Amino acid sequence: MPSLGDATGGRILFGGDYNPEQWPREVWEEDVRLMREAGVNLATVGVFSWALLEPRPGERDFGWLTDVLDLLHANGIGVGLATPTASTPPWMGHRWPETLPRNPDGTVRTYGSRNAYCPSSPVYRAFADAISADLASVYAHHPALRMWHIGNEFGTVCYCDQCAERFRHWLQARYGDLDALNEAWGTAFWSQRYCEWEEVIPPRQVQYVINPTQDLDYQRFASDLLLERFNAERDIVRGANPAVPITTNSMMFFKATDLWRWGAEEDFTSLDAYPDPNSPLAACDGAMAQDLIRSVGGGKPWLMMEQTPGRAGFRHVATPKRPGLNRLWSLQALARGADGILHFQWRASKQGAERTHGAMLPHAGPDSRIFREVCDLGKELGDLADVLGTAVAASVAIVLDWDSWRGVELDHQPHSGFRYVDRIREYYTPLWKANVTVDFVHPEADLSRYKLVVAPNLYQVSDAAAENVIGYVRGGGHLVLGPFSGVADPDERIRLGGYPAPFRDLLGLRIEEYWPLPDDEPLTLHSEVFGDFSAQSWAEWLTAGAGTALAEIASGPLAGIPAIVGNTYGAGTAWYVATLPEERVLARLLDLACSQAGVESVLPGLPEGVEAVRRGEFVFVLDHARGTVDIRLATTAAV
Ligand SMILES: [Zn+2]
């Protein structure tokens, strides 16, 4: 199987999306001259070119694309060639309206934007397969070709009749017969029992709350349906030249696509990362997304496919990155396993929806702060090729599971503001600040190589996942489990007898009730270990059995009830946190867990805002604090 290493050719990839079709040909010459000046060695081409490549149904106009690839190759610039299937030409939606996606209420999302297609539509599929096959037959052995980029930011969810039909097939494969579906969906509730497969439909607009398992299964199906499209185009282009690696660009913490399943199908994973530079935790958010994209790719080197050198045009307040910030975040990606740093896009568009989005070559042209920084970055990356192919070291894993994410955000949960990624971030942040590098893991993955496993919100848990986590602790592992965990099975069936049913013995406790709190009613807690502290939004009516209470609620109807519990189990230790404490308390708990588990910071004692990551034999030290930092290294690490 090809890898990103087949595309890098010994150089860190550097460049961005190149959309020459938006410009007259005389601009192309300037483009490649400036690309060479900036050290660009890879251009992503053709992502949104379908309407030019196929101007009318079945017609082909590849001449301009051949000229672009030849021009780039003549200038020593490789190409990530896209299948252009994310953005259909207007003729498709106009002549075949059934190719357009429908909302849950039946309304159509029409053409005039992008990513507006029904992934089930036989017409869409036939046209998408045909253009992919023709591009592959023409360019699979073009000397500029370094990789294939399938589609773009897969994420379209459609609720049309064609999707309903495919949903039924997906359900038949999952459940076998309708009795099993009725059982799994709990259709005895509200008179929802199905007697014919034809009655089963997507979770469309309904009078009141939708069946939660129907909703959950449709989210799983929608991810699998898009993955089926990725796989179809992947197989088409792979058939033309199996040596060329294939990827697609994933967005940061995007719920619609289960990246554990996607990462397994890609030759390497790629990230589009747009942290908000106005956020005080932007660097942490970036690191978290980078750790996830590396983890879903099996720990292999990955590609930063998109980031902006300036501003992200979609943001409410689109403040540009300050001077030096794109370099800093690019080096952060390199530290966390990237073997290539690309941007959206090369030349800033003067027209179209993203006309205000930043670019390597901004509207101001080459005489600009941003282009000078781009040139400096290209030169610097050219000197760092020794990191290529090396692995990021992590001894802590955070459990992240799309089913728990989907489940916890279904309708009629105890607190509609309880957001899964918030829970992940709350536990990731103190570890990031302590310079403890983490991998993300699926709950059924092998945990044995980690000294500490943190599961911030393992809401939905399969029997296999529960046994996996329990066996990890029994065998000597250390676990920190967050609130509202172990609640439901994969059919969204509540596990009975006291929460969290699979983990009561593991944790030495039993919970009778969840106790969400209004925003203006913070919880006060007492603790000899953490000092008195406050918590927000969530409490649990918990009785400690074998477990030791490390913090107790100090007032209100839950006064005296434990909120943080520690328990030894087998050869290991587990801690349970039954609320949303202030950050310093989670930081202290994780510090305690790390020290018991023997987890060490990459570089202990760094000033706040200074990040350290070990990749291979290198240690990257990154100052996000904008200060002057004096760091004395006692090791021989290269910086
Ligand atoms: Zn559809």
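Not measured: the values here are computed from a predicted model.

Undergrad: Sorry, what's going on with the sheet that holds strand β6 (residues 249-251) here?
TA: Adjacent strands of a sheet form backbone hydrogen bonds with each other and so pair up, either parallel or antiparallel. Ordered in space as β5-β4-β3-β2-β1-β9-β8-β7-β6, the 9 strands form an open sheet in which the pairing is parallel. Whereas interior strands pair on both sides, the edge strands pair on one side only; in this sheet they are β5 (246-247) and β6. Pairing between strand β1 (residues 13-18) and strand β2 (residues 42-45): 4 bridges, direction parallel. Following the sheet pairing, Gly15 is matched in β2 by Leu42.

Undergrad: Whenever I open this one, the coordination of the zinc ion confuses me. Can you help?
TA: Between any two of four tetrahedral donors, the ideal angle at the metal is 109.5 degrees; between two of six octahedral donors, it is 90 or 180 degrees. Here the zinc ion is held by the protein donor atoms Cys118 (SG), Cys158 (SG), Cys160 (SG) and Cys163 (SG), which lie 2.2 to 2.3 Å from it. For the zinc ion, the 4 donor atoms in the first shell make angles of 100 to 120° at the metal, so the coordination geometry reads as tetrahedral. In the primary sequence, the donor residues of the zinc ion line up as C-x39-C-x1-C-x2-C. Cys163 matches Cys158 in its accessibility class, with the two residues each being buried.

Undergrad: Can you help me understand the layout of surface pockets in this one?
TA: A probe matching the size of a water molecule, rolled over the atoms, marks out where space remains unfilled. Here the largest pocket is characterised by a volume of approximately 740 Å³. Around the largest pocket, the lining is made up of 25 residues, and of these Gln22, Phe48, Ser87, Ser113 and Arg114 lie nearest the centre. Here the element with the most residues in the lining of the largest pocket is helix α3 (residues 50-53); it accounts for 3 residues. Here the residues of the lining of the largest pocket are counted per class, giving 10 nonpolar, 11 polar and 4 charged.

Undergrad: Would you mind showing me how to read the packing of aromatic side chains here?
TA: Think of a pair of aromatic rings as described by two things: how far the centres are apart, and how the planes are tilted against each other in angle. All told, the structure shown has 34 aromatic pairs when counted by the stated rule. Geometrically, the ring pair formed by Phe418 and Phe484 is edge-to-face, given 5.5 Å between the ring centres and 75° between the ring planes. Pair noted here: Phe418 is in the loop between α14 (402-408) and α15 (420-433) and Phe484 is in the loop between β13 (478-481) and α17 (504-507), with a separation of 66 residues, a long-range link. A residue is classified by how much of its surface remains accessible, and Phe418, at 4% relative accessible area, is buried. Taken together, the aromatic side chains of Tyr159, Phe167, Trp170, Trp185, Tyr194, Tyr218 and Phe221 make up a single cluster linked through ring pairs. Its guanidinium or amino end placed over the ring of Trp23, Arg347 lies 5.3 Å from that ring's centre, counting from NZ or CZ. Over the ring of Phe418 we find Arg423; its NZ or CZ atom is 4.5 Å from the centre of that ring.

Undergrad: Mind showing me how you'd approach the sheet that holds strand β12 (residues 452-455) here?
TA: Taken together, the 10 strands give an open sheet; going across it, the order is β11-β10-β12-β13-β20-β19-β18-β15-β16-β21, and neighbouring strands pair in mixed fashion. A strand with exactly one partner marks an edge of an open sheet, and here the two such strands are β11 (438-441) and β21 (580-581). Two strands pair when backbone bridges link them, and β12 and β13 are joined in this way by 4 bridges, in the parallel orientation. Within the sheet, the bridge partner assigned to Val454 lies in β13 and is Val480. Across the sheet, helix α16 (residues 463-474) lies against β12, β13, β19 (562-569) and β20 (572-577), angled at about 125° from β20, the strand it touches most.

Undergrad: Sorry if this is basic, but what is going on with the pattern of salt bridges here?
TA: By the definition in use, this model includes 45 salt bridges. In this structure, Glu165 engages Arg168 in a salt bridge whose closest nitrogen and oxygen atoms are separated by 3.0 Å. Of this pair, Glu165 and Arg168 both sit in helix α7 (residues 161-175), 3 residues apart, which is roughly one turn of that helix. A relative accessible area of 8% means that Arg168 is categorised as buried. The structure contains a network of salt bridges with shared partners spanning Arg174, Asp217, Arg220, Asp403 and Arg406.

Undergrad: It is not clear to me how the pairing of β1 should be interpreted in this structure. Could you clarify?
TA: Burial of β1 is extensive: 6 of the 6 residues sit out of reach of the surface. Sheet topology places β1 next to strand β9 (residues 338-343); 4 bridges connect them, and they run parallel. Counterpart to Gly16 in the pairing with β9 is His343. In terms of handedness, the path from β1 via helix α2 (residues 25-38) over to β2 forms a crossover that is right-handed.

Undergrad: Just checking my understanding: could you explain empty space enclosed by the protein for this structure?
TA: For the structure on display, the rule yields 4 cavities of 30 Å³ or more. When its volume is computed, the largest cavity comes out at roughly 60 Å³. In terms of lining, the largest cavity is formed by Phe154, Thr248, Asn249, Ser250, Met251, Phe254, Thr257, Leu259 and Trp262. Looking at the lining of the largest cavity, the elements that each hand over two or more residues are β6 and α10 (259-263). Looking at which element gives the most residues to the lining of the largest cavity, the answer is β6, with 3 residues. There is about 40 Å³ of room inside the second largest cavity. Forming the walls of the second largest cavity are Ala273, Pro275, Gly286, Gln290, Met304, Gln307, Lys321, Trp329 and Gln332. Of all elements in the fold, only α11 (282-296) and α12 (325-335) reach the threshold of two or more residues within the lining of the second largest cavity.

Calculation criteria
- Residues numbered from 1 in each chain as written.
- Predicted model: local features only at pLDDT ≥ 70, side-chain atom pairs only at ≥ 80, totals over all residues.
- Heavy atoms only, no water.
- Pairing = 2+ DSSP bridges.
- Helix = DSSP H or I, 4+ residues; strand = E, 2+ residues; numbered from the N terminus.
- Donors = N, O, S within 2.8 Å, 3.2 Å for Na, K, Ca; no water.
- Tetrahedral: all angles 85-135°; square planar, octahedral: opposite > 155°, others 65-115°.
- Buried < 20%, exposed > 50% of the residue type's maximum accessible area, 1.4 Å probe, protein only.
- 1 Å grid on protein atoms, 1.4 Å probe; cavity = no way out; pocket = protein on both sides within 12 Å on 5 of 7 lines; lining within 4 Å.
- Points joined across faces, edges and corners; volume = space filled by probe spheres on them.
- Nonpolar A, V, L, I, M, F, W, Y, C, P; charged D, E, K, R; others polar.
- Phe/Tyr/Trp six-rings, centres within 6.5 Å; stacked < 30°, edge-to-face > 60°.
- Lys NZ or Arg CZ within 6 Å of the ring centre and 35° of its normal.
- Contact = heavy atoms within 4.5 Å.
- Axes fitted to C-alpha atoms, helices over the stretch in contact; angles between N-to-C directions.
- Salt bridge = Lys/Arg side-chain N within 4 Å of Asp/Glu carboxyl O.
- Right-handed = clockwise from strand over helix to strand, strands pointing away.

Read these as layout, nothing more, since geometry by itself doesn't imply function.
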